[in-house]
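Below, each chain spelled out in residue letters.
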Amino acid sequence: MFMIKQHMLNLSFLILFGFIVSCEDVENKLAKDFTVSTSNAMFDLNLTVENNSTDSDTPIAFTVTVTRIDTYVVRQDAQMIGFWSLSLQSINGETQNISQYPQDIEFFEDNSYSKQVPNTVSGETDYFGGNWTYDKTTNNLTLISQGETSQIQSTFDYSGAVVPLDGYMMWTYENGGYSFNETYQKTVEPYSSFDEPFTYLYMDVTGGDISGTTYPDYAEIEAVVVNNLDAQFTVTGMFEPGLDFDQGNIAVSLYNENYGTIAVNMQISIKFID
């Protein structure tokens, strides 16, 4: 008798377990049916609706989620880029009068540079140029011009990715048996901030309207996604079915200058109620 009861208990457990698994499968399938997603190199775009079928009197809630799947990295040599003017120079510890030979040097994004040394007495200007590389881990700046290579220890008074206007760059190097210390000041507003471009979220619908969104101007929303893996930006709202429509559609696109445009959409079946 005990064996029969034990068998029945095991059978009941298996039936209950099978029912739970079956319900989970159904829920997972429904969740999948009500969710669409796509991604690019940096973001995953996800649109989820509570239902993809409704009647003309019943709105449907939806959620748009942007998830960061990679982190944005500013180029490690960005501090060097910009237009700099010599503000202080010392040779073997003695401060030099630089007013007669001021120097300007510009480092470009393509790793080329241009140096101008005007003579305030003669009115003539000498031009130099070449290529540069900068290793932030060692503060080593390498200048290559006309086959000559110079090694310079270059540091900055600003720790951010891009030195702002009026920031300073300090050089220490040896040349011709002399020890040089120079300070350059950034005298032209940076052309580029090297920050990650803004990301925008656009939403549109057919066969109805959007209401109750977390951002009033849902047509264009700045999607502020923190620069951490799995960081998210979420927008919620309601799809309001329109009259005399049997089909609706929610369309969402995500745009970033660096990564292009990705888009998802979800069709909604609308049953007309008299």
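The structure this text deals with has already been given above.
Residues numbered from 1 in each chain as written. Predicted model: local features only at pLDDT ≥ 70, side-chain atom pairs only at ≥ 80, totals over all residues. Heavy atoms only, no water.

1. Thoughts on the overall build of the protein chain
For step 1, the next point in the chain: Within the protein chain, the secondary structure is distributed over one helix and 19 strands.
For step 2, the next point in the chain: Across the 274 residues in the protein chain, those meeting the buried criterion constitute 35%.
For step 3, the next point in the chain: For the protein chain, the share of sequence-separated contacts (at least 6 apart) that also reach a separation of at least 24 residues comes to 53%.
For step 4, the next point in the chain: Carbon and sulfur atoms provide 53% of the accessible area of the protein chain, an area that totals close to 16100 Å². (Helix = DSSP H or I, 4+ residues; strand = E, 2+ residues; numbered from the N terminus. Buried < 20%, exposed > 50% of the residue type's maximum accessible area, 1.4 Å probe, protein only. Contact = heavy atoms within 4.5 Å. Areas by Shrake-Rupley, 256 points an atom, 1.4 Å probe, with all protein chains shown as cover.)

2. What to know about the side chain of S154
For step 1, the next point in the chain: Inspection of the secondary structure puts S154 in strand β11 (residues 148-156).
For step 2, the next point in the chain: Relative accessible area serves as the criterion here: at 0%, S154 is assigned to the buried category.
For step 3, the next point in the chain: Among the polar contacts listed, one links the side chain of S154 to the side chain of W171, at a separation of 3.4 Å.
For step 4, the next point in the chain: With near-sequence residues (within four places) excluded, S154 lies in contact with M80, Y134, N139, L141, M169, M170 and W171. (Polar contact = N/O pair within 3.5 Å; in protein donor to acceptor, adjacent residues only side chain to side chain.)

3. Some details on the sheet that holds strand β19 (residues 260-271)
For step 1, the next point in the chain: With mixed pairing, five strands are arranged side by side in an open sheet as β3-β19-β18-β14-β16. Edge positions in the sheet fall to β3 (53-55) and β16 (221-222), since each has one partner strand and no second.
For step 2, the next point in the chain: Pairing of β3 with β19 involves three bridges; the strand directions are parallel. Note on β19: the bridge partner recorded for D55 is K271. (Pairing = 2+ DSSP bridges.)

4. What to know about the nonpolar core
For step 1, the next point in the chain: L45, V64, L201 and V252 are the most contacted members of the largest nonpolar core, which has 30 residues in total.
For step 2, the next point in the chain: Contributions of two or more residues to this core are made by β2 (43-49), β4 (60-68), β14 (199-206), β17 (232-241), β18 (247-256) and β19.
For step 3, the next point in the chain: Among the elements that line this core, the one with the most residues is β19, at five residues.
For step 4, the next point in the chain: Residues A78, I81, L143 and I152 belong to the second largest nonpolar core, which totals 24 residues. (Core = buried A, V, L, I, M, F, W, Y, C linked by side-chain atoms within 4.5 Å.)

5. So, the pairing of β11
For step 1, the next point in the chain: Note that strand β10 (residues 140-145) and β11 share six bridges and pair antiparallel. Considered in β11, the bridge of T142 is made with Q151.
For step 2, the next point in the chain: Both β11 and strand β12 (residues 168-175) contribute to a ladder of four bridges, which runs antiparallel. Note that in β12 the partner of S154 across the bridge is W171.

6. What to know about the sheet that holds β17
For step 1, the next point in the chain: Spatial ordering of the open sheet is given by β1-β2-β4-β17-β15, a layout of five strands whose pairing is antiparallel. Looking at the sheet topology across the chains shown, the edges are occupied by β1 (35-39) and β15 (208-211). On average, each strand axis in the sheet is tilted by 20 degrees relative to the strand beside it, whichever way the strands run.
For step 2, the next point in the chain: Where β15 and β17 come together, four bridges link them in antiparallel fashion. Across the sheet, residue I210 finds its bridge partner in β17, namely F239. (Axes fitted to C-alpha atoms, helices over the stretch in contact; angles between N-to-C directions.)

7. A closer look at the pairing of strand β7 (residues 104-107)
For step 1, the next point in the chain: Sheet topology note: the strand β5 (residues 82-91)/β7 ladder contains four bridges and is antiparallel. Counterpart to F83 in the pairing with β7 is E106.
For step 2, the next point in the chain: In this structure, β7 lies alongside strand β8 (residues 112-118), joined through four bridges in antiparallel fashion. The residue bridging E106 from the neighbouring strand is S114, located in β8.
For step 3, the next point in the chain: If you look at the hairpin formed by β7 and β8, you'll find four residues sitting between the two strands, and N111 has a positive phi there, around 65 degrees.

8. Regarding unusual backbone geometry
For step 1, the next point in the chain: Positive phi, normally seen in glycine, also occurs at N92, with a value near 50 degrees.
For step 2, the next point in the chain: The class of N92 is partly exposed, set by a relative accessible area of 47%.
For step 3, the next point in the chain: Positive phi is not limited to glycine here, since D230 has a value of about 70 degrees.
For step 4, the next point in the chain: You can see D230 is positioned in the loop between β16 and β17.
For step 5, the next point in the chain: For D230, a relative accessible area of 59% corresponds to the exposed category.

9. Describing the side chain of S90
For step 1, the next point in the chain: Examined against the element boundaries, S90 turns out to sit in strand β5.
For step 2, the next point in the chain: Given the relative accessible area of 14%, S90 is considered buried.
For step 3, the next point in the chain: Apart from residues lying up to four places away in sequence, S90 is in contact with T95, Q96, S179, F180 and N181.

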